[in-house]
Amino acid sequence: MSKEKLIPRHIAIIMDGNGRWARMRGKERSEGHIAGMDALRETVRNVAQAGVKYLTVYAFSTENWGRPQAEVDALMELICKGVEMESAELVKVGIKVKTIGDRSRFSDKVKASLEKIEQLTQAGENMTFALALNYSSRSEITTAVRNLAERVAQGEIKAEDIDESMISSALYTSFMPDPDLIIRTSGECRLSNFLMWQASYSEFYFTPTLWPDFDKEELERALEVYSTRDRRYGLVK
Ligand code: IPE
Ligand code: IPE
Ligand code: MG
């Protein structure tokens, strides 16, 4: 990649296609998720190496609880295993891990895992890596509206003081800039309840590649395409 290329500050990824990847190989869906975890490990390294400062990945949506219990259990297990296996390396390479979403629905074991990795990696300065877990954009916005309404009721703020930046600050993503680039794998071209407020001016990149096959070349292709986009923000240049 040439030096003068525009690198996004924040990339968000909808990691989709693990189930189809497994089915194509006659494997269980959970094996697809294990392969997806390998792709995620590589992608975190590659994105950080590209000089990106924030990476958000959609790992488990509020709707995903509706999947067969065995698959949900396998995903929860994978979250705990991932934390166990990756923490030391993430500390070493200076990556700070955060989560976005409502953690209250997770088991104590998963909650403890997530708290542990956030705590261990909190000094990381090279990149912030946000895992969207039990996340959906509508639930995030609903929670934010409820919190702001509560503050108005308490007399802390006035309704007329609520502006766009106050809403951004009330979202789970308050510690990050909006995503510059949103990537979705597996050929689906939808947001599936991901970062709807934050994506107002994001660039989108859809690829038919299934998430477990997303590698360094795929990332480079996405970055290449991003660097050719003309972000006008409604203005005339
Ligand atoms: C994405 O892959 C991972 C999660 C949603 C957890 P899928 O499991 O949605 O894979 P497909 O879309 O069924 O192929
Ligand atoms: C979106 O993928 C959620 C995650 C990647 C975690 P889904 O596979 O759940 O979304 P739909 O069902 O295709 O919209
Ligand atoms: Mg899917």
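Starting from 1, residues in each chain are numbered consecutively following that chain's sequence as written. Going through the entries in the order they are written, you letter the chains from A and number the ligands from 1. A pLDDT threshold of at least 70 governs which residues receive local features in this predicted model, and a stricter bar of 80 or more applies before side-chain atom pairs are shown or counted, although totals over entire chains, interfaces and linings include all residues. To get the side-chain values, all heavy atoms of the structure are used, and hydrogens and water are removed first.

1. Quick notes on the nonpolar core
Okay, so step 1: Counting 39 residues, the largest nonpolar core has Ile-11, Leu-55 and Phe-129 as its most contacted members.
Okay, so step 2: By residue number, the principal contributor to this core is helix H3 (residues 69-92), which donates 7 residues.
Okay, so step 3: Other than its neighbours up to four places away in sequence, Leu-55 contacts His-10, Ile-11, Ile-13, Val-44, Val-47, Met-127, Thr-128, Phe-129 and Ala-130.
Okay, so step 4: Throughout, nonpolar core names a set of buried Ala, Val, Leu, Ile, Met, Phe, Trp, Tyr and Cys residues whose side chains join them through atoms within 4.5 Å. Three exposure classes are used, based on accessible area relative to the maximum for each residue type with a 1.4 Å probe and protein chains only: buried under 20%, partly exposed in between, and exposed over 50%. Counting residues in each nonpolar core, the second largest holds 13 residues, with Ala-12, Ala-132, Phe-194 and Ala-199 among its members. We count a stretch as a helix when DSSP gives it H or I for four or more residues in a row; a strand needs E for two or more, and each element gets its number in order from the N terminus. Should any heavy atoms of two residues lie within 4.5 Å, those residues are considered in contact.

2. Things to note about the site of ligand 1
Okay, so step 1: Put simply, a residue is near a molecule or strand once any heavy atom of it comes within 4 Å of that molecule or strand. What surrounds ligand 1 is a group of 13 residues, the closest being Asp-16, Gly-19, Arg-20, Arg-29 and Arg-67.
Okay, so step 2: In the analysis that follows, any N or O atom pair within 3.5 Å is treated as a polar contact, provided that within protein one partner can donate a hydrogen and the other can accept it, and provided that, for residues neighboring in sequence, both atoms belong to side chains. Residue Asn-18 places a main-chain N or O atom 3.1 Å away from an oxygen atom belonging to ligand 1.
Okay, so step 3: Note that an oxygen atom of ligand 1 is positioned 2.7 Å from one of the side-chain N or O atoms of Arg-67.
Okay, so step 4: Starting from 380 Å² of accessible surface for ligand 1 in isolation, the protein chains cover 86%.
Okay, so step 5: Those elements giving two or more residues to the shell around ligand 1 turn out to be helix H1 (18-24), helix H2 (29-49) and H3.
Okay, so step 6: Counting residues per element, the shell around ligand 1 draws most heavily on H1, at 3 residues. Only the protein chains shown count as cover for residues, and the accessible areas themselves come from Shrake-Rupley with a 1.4 Å probe.

3. Examining the site of ligand 2
Okay, so step 1: By nearness alone, every residue bordering ligand 2 is listed as Ile-14, Met-15, Asp-16, Tyr-58, Ala-59, Phe-60, Asn-64, Arg-67, Arg-184, Arg-190 and Ser-192.
Okay, so step 2: Contact distances for ligand 2 include 3.2 Å between an oxygen atom and a side-chain N or O atom of Asp-16.
Okay, so step 3: Side-chain polar atom of Arg-184 to an oxygen atom of ligand 2: 3.2 Å apart, as the coordinates give it.
Okay, so step 4: Relative to its unbound accessible surface of 390 Å², ligand 2 loses 77% to contact with the protein.

4. A few points about the pairing of strand S6 (residues 203-206)
Okay, so step 1: Burial of S6 is one-sided: the residues Glu-203 and Tyr-205 facing one way are buried, the residues Phe-204 and Phe-206 facing the other way are not.
Okay, so step 2: A strand pair is defined by DSSP finding two or more bridges across the two strands. Bridging between strand S5 (residues 181-184) and S6 involves 4 bridges; their strand directions are parallel. Bridge pairing links Ile-182 to Phe-204 in S6.

5. Some words on the environment of Gln-49
Okay, so step 1: As for its placement among the helices and strands, Gln-49 is situated in helix H2.
Okay, so step 2: Sequence separation between Gln-49 and Asn-126 is 77 residues, and the spatial gap between their C-alpha atoms is 9.2 Å.

6. Looking at the pattern of salt bridges
Okay, so step 1: We define a salt bridge as a contact between a side-chain nitrogen of Lys or Arg and a carboxyl oxygen of Asp or Glu at a distance within 4 Å. In this structure the tally under the stated criterion is 23 salt bridges.
Okay, so step 2: Between Arg-41 and Glu-86 there is a salt bridge, with the nearest N and O atoms lying 2.6 Å from each other. With Arg-41 in helix H2 and Glu-86 in helix H3, the pair connects residues that are 45 residues apart, well separated along the chain.
Okay, so step 3: According to the relative accessible area criterion, Arg-41 is partly exposed, its value standing at 24%.
Okay, so step 4: With its nearest N and O atoms 3.8 Å apart, the salt bridge here joins Glu-89 to Arg-45. Placement of Glu-89 in helix H3 and of Arg-45 in helix H2 is noted, with a sequence separation of 44 residues between them.
Okay, so step 5: The exposure class of Arg-45 is buried, given its relative accessible area of 16%.
Okay, so step 6: Several salt bridges converge on common partners, so that one network encompasses Asp-38, Arg-41, Arg-45, Glu-86, Glu-89 and Lys-92.

7. Here's the deal with the sheet that holds strand S1 (residues 10-14)
Okay, so step 1: Taking strand neighbours across the sheet as the criterion, the 6 strands line up as S3-S4-S2-S1-S5-S6 in an open arrangement whose pairing is parallel. Edge positions in the open sheet fall to strand S3 (95-100) and S6, since each of these has one partner strand only. Pairs of neighbouring strands in the sheet enclose a mean axial angle of 20°, with direction left out of account.
Okay, so step 2: Bridging between S1 and strand S2 (residues 54-61) involves 5 bridges; their strand directions are parallel. When the bridges of S2 are listed, Ala-12 appears paired with Thr-56.
Okay, so step 3: Fitted lines through C-alpha atoms serve as axes, helices being fitted only where they are in contact, and the angles separating the N-to-C directions of these axes extend from 0 to 180 degrees. Relative to the sheet, H3 contacts S2, S3 and strand S4 (127-135), its axis offset from that of S2 by approximately 155°.

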